[in-house]
Amino acid sequence: MTAIRKQLLEIFAGDEPDYERAAAMGPSALPVLRKMVGENSDLAAQAVCVAGLQGSRDALEIIAIVARSDDADLRTSAAGALGDFAVSCKSSDDLDSAFELLTPLLDDPSPTVRRFAQRAAAAFPDGAHHHAGRNAGS
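Every value quoted in this text rests on a predicted model; they were computed, and no experiment measured them.

## Focus: helix H8 (residues 111–123)
No. 1: For H8, with 13 residues, the first-to-last C-alpha span of 19 Å sits near the 18 Å given by 1.5 Å per residue.
No. 2: Restricting attention to buried positions, one finds in H8 the residues Val113, Arg114, Ala117, Ala120 and Ala121. All buried residues of H8 fall inside an arc of 125° around its axis, so they share one side. Summarising the geometry of H8, the exposed residues directed more than 90 degrees from the buried face are Arg119 and Ala122.
No. 3: Considering only its buried residues, H8 is in contact with helix H6 (72–88) and helix H7 (92–106).

## Side note on the packing of aromatic side chains
No. 1: Within the structure shown, the criterion is met by two aromatic pairs.
No. 2: Taking 5.1 Å as the distance between ring centres and 80° as the angle between the ring planes, the aromatic pair formed by Phe99 and Phe124 counts as edge-to-face. With Phe99 in helix H7 and Phe124 in the segment after H8, this residue pair connects regions lying 25 residues apart in the sequence. Across this residue pair, the class does not change: Phe99 and Phe124 are buried.

## Considerations on the environment of Ala59
No. 1: In this fold, Ala59 is placed in helix H5 (residues 57–67).
No. 2: On the accessibility criterion, Ala59 (0% relative accessible area) is buried.
No. 3: Beyond its immediate stretch of four places on either side in the chain, Ala59 contacts Leu30, Ala51 and Gln54.

Conventions adopted
Residues numbered from 1 in each chain as written. Predicted model: local features only at pLDDT ≥ 70, side-chain atom pairs only at ≥ 80, totals over all residues. Heavy atoms only, no water. Helix = DSSP H or I, 4+ residues; strand = E, 2+ residues; numbered from the N terminus. Expected span 1.5 Å × (residues − 1). Buried < 20%, exposed > 50% of the residue type's maximum accessible area, 1.4 Å probe, protein only. Arc of directions from axis to C-beta. Contact = heavy atoms within 4.5 Å. Phe/Tyr/Trp six-rings, centres within 6.5 Å; stacked < 30°, edge-to-face > 60°.

This is how it looks when you write it as structure tokens:
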């Protein structure tokens, strides 16, 4: 796990981290990403971006942690990750679970979180038919 953490930190250290490259590390990176979301907000934001690209149930658990954060910036990152998750996920059950996580973000007190959540909702199959958020236009 130390080697994976080192690789992820190297990817994250760049001016423009290559999240696709980090996601290509596959499921073996998920335990490390899970630990990173609890370390600091910068690592949490980066880890959740990678998790969103993985599209698996384990990745969704990581997104869920960040989606419930008290930090609006982290909830914004989680909303973006849920949009990526919707594109990369192959399981309809996992998509339903992801949309359940997204729903409260559509009504988040932060206008930025709501904006990102609305974009994410559009990435879901039939996204236009899902809950639009009472404050989405704010």
